[in-house]
Amino acid sequence: AQSVSQHNHHVILSEAASLELGCNYSYGGTVNLFWYVQYPGQHLQLLLKYFSGDPLVKGIKGFEAEFIKSKFSFNLRKPSVQWSDTAEYFCAVNNWAGNTPLVFGKGTRLSVIA
Amino acid sequence: GAVVSQHPSRVICKSGTSVKIECRSLDFQATTMFWYRQFPKQSLMLMATSNEGSKATYEQGVEKDKFLINHASLTLSTLTVTSAHPEDSSFYICSARPSGYNQPQHFGDGTRLSIL
């Protein structure tokens with residue numbers, strides 16, 4: 001069965017600090033990987049996704065993630081966070097064909113302070 | 001972009017009531033829809049996968065008779081919480097995936113269900 005671990009429950013950063021959120025997955029086969037963001041009071045939005053090819057994936061709002069197959073990791077990064085990045089971030093995985101439901105990590109709450 | 005509409009956004013009702021939640025894909029057809037449940041400060045837990053025109057597939061531990069799912073068309077799935085009790089209070093989120101290979105899931109705004 002697939003599972004996703006997000007190591008950081010709550011991260012607090014000052015504006016302009018760099019961000020890295022950890023995500024590790026467990027699955028025996030080839031996977032698709034996703035990062036979703038949930039701003040307060042809003043629905044989940046797709047930040048970026050990895051299906052194949054270049055393991056460094058760039059998403060919206062300056063976010064990127066790197067797939068490291070040997071480490072089963074897909075960490076999310078942003079060089080300089082803004083107050084508006086305050087949100088809950090979820091890592092998710094499904095199978096390579098994309099025909100299984102997304103399995104989510106527990107989420108990481110990011111609080112950016114001025 | 002792909003929009004998923006979920007209604008209602010909030011429901012407060014008495015114990016024993018049945019509650020229906022609707023999930024619509026507004027600008028795409030979704031052969032598959034998913035229902036998740038999210039507890040405070042926890043992840044989204046998949047409850048069931050709904051395929052248009054067939055019976056839903058429930059995850060282990062989810063009561064089929066308690067959580068009735070109907071996916072009657074390519075744009076509409078409903079979740080009915082039957083005879084709801086306080087322990088059913090939660091945040092329910094639907095998701096829809098467009099037809100085709102490797103399509104991402106799109107999410108509704110969620111429904112906050114509170115059973116008194």
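Refer to the structure printed above.
Residues numbered from 1 in each chain as written. Chains lettered and ligands numbered in written order. Predicted model: local features only at pLDDT ≥ 70, side-chain atom pairs only at ≥ 80, totals over all residues. Heavy atoms only, no water.

### Considerations on the overall build of chain A
Counting secondary structure elements, chain A contains zero helices and twelve strands. Seen in sequence order, chain A has helices and strands lined up from the N terminus as β-β-β-β-β-β-β-β-β-β-β-β. Here the C-alpha atoms of chain A give a radius of gyration of 13 Å, agreeing with the 13 Å that 2.2 N^0.38 yields for 114 residues. Along the three orthogonal principal directions, the C-alpha set of chain A runs to about 40 × 30 × 20 Å. Within the span of chain A, comprising 114 residues, buried residues form 47% of the whole. (Helix = DSSP H or I, 4+ residues; strand = E, 2+ residues; numbered from the N terminus. Rg over C-alpha atoms; globule rule 2.2 N^0.38 Å. Buried < 20%, exposed > 50% of the residue type's maximum accessible area, 1.4 Å probe, protein only.)

### Focus on the interface of chain B and chain A
With 18 residues of chain B in contact, the opposing surface of chain A contributes 22 residues. For the pair chain B and chain A, the two sides together bury roughly 1,600 Å², of which 55% comes from carbon and sulfur. Counting the surface chain B buries against chain A, the share from its top three residues, Ser43(B), Asn102(B) and Phe107(B), is 32%. Joining chain B to chain A, the criterion identifies zero salt bridges. Where chain B packs against chain A, one counts seven residue pairs in polar contact (both at pLDDT 80 or more). Of all the secondary structure elements, the ones that give two or more residues to the side of chain B that touches chain A are strand E4 (32-38), strand E5 (44-51) and strand E9 (90-97) of chain B. Split by residue class, the side of chain B that touches chain A holds eight nonpolar, seven polar and three charged. (Contact = heavy atoms within 4.5 Å. Buried area = accessible area lost by both parts, 1.4 Å probe. Salt bridge = Lys/Arg side-chain N within 4 Å of Asp/Glu carboxyl O. Polar contact = N/O pair within 3.5 Å; in protein donor to acceptor, adjacent residues only side chain to side chain. Nonpolar A, V, L, I, M, F, W, Y, C, P; charged D, E, K, R; others polar.)

### A short note on the environment of Ser26(A)
Residue and element names in this part refer to chain A. Its location among the elements puts Ser26 in strand E4 (residues 24-26). Sequence separation between Ser26 and His7 is 19 residues, and the spatial gap between their C-alpha atoms is 14 Å. Excluding its chain neighbours within four sequence positions, the residues that come into contact with Ser26 are Ala1, Gln2 and Ser3.

### A few points about the pairing of strand E8 (residues 76-81) of chain B
All names here are of chain B. Taken across its six residues, E8 has six buried, putting it largely inside the fold. Side-chain alternation along E8 places Leu76, Thr78 and Thr80 on one buried face and Ser77, Leu79 and Val81 on a second face that is also buried. Alignment of strand E7 (residues 67-73) against E8, held across five bridges, turns out to be antiparallel. Looking at the pairing, Phe67 lines up with Val81 of E8. (Pairing = 2+ DSSP bridges.)

### Focus on the sheet that holds E8(B)
Residues and elements named next belong to chain B. Pairing in this open sheet of four strands is antiparallel, and the strands run E1-E3-E8-E7 from one edge to the other. In this open sheet, the two strands that pair with only one neighbour each are strand E1 (4-7) and E7. Across the sheet, the axes of successive neighbouring strands diverge by a mean angle of 15 degrees, strand direction being ignored. (Axes fitted to C-alpha atoms, helices over the stretch in contact; angles between N-to-C directions.)

### Section: the state of the cysteines
The tally for this structure, following the rule as stated, stands at two disulfides over all chains. Note that Cys23(A) is cross-linked by a disulfide to Cys91(A), the S-S spacing being 1.9 Å. Judged by the sign of its S-S torsion, about -65 degrees, the cystine formed by Cys23(A) and Cys91(A) is left-handed. With a gap of 68 residues between them, Cys23(A) in the loop between strand E3 (19-21) and E4 and Cys91(A) in strand E10 (residues 87-95) connect regions that are remote in the sequence. Cys91(A) sits in the buried class, given a relative accessible area of 0%. One disulfide bridge connects Cys23(B) with Cys94(B), the sulfur atoms lying 2.0 Å from each other. Classification of the bridge connecting Cys23(B) and Cys94(B) rests on its S-S torsion, roughly 75 degrees, and on that basis the disulfide is right-handed. On the criterion of sequence distance, the pair formed by Cys23(B) in strand E3 (residues 19-25) and Cys94(B) in strand E9 is long-range, its members being 71 residues apart. Since its relative accessible area comes to 0%, Cys23(B) is described here as buried. (Disulfide = S-S within 2.5 Å.)

### What to know about the packing of aromatic side chains
Residues and elements named next belong to chain A. For the structure shown, the criterion picks out 14 aromatic pairs over all chains. Judged by centre distance (4.7 Å) and plane angle (35 degrees), the rings of Tyr50 and Phe67 are tilted. Here Tyr50 is found in strand E6 (residues 44-50), whereas its partner Phe67 is found in strand E8 (residues 64-68), with 17 residues between them in sequence. Taken as a pair, Tyr50 and Phe67 share a single burial class, namely buried. (Phe/Tyr/Trp six-rings, centres within 6.5 Å; stacked < 30°, edge-to-face > 60°.)

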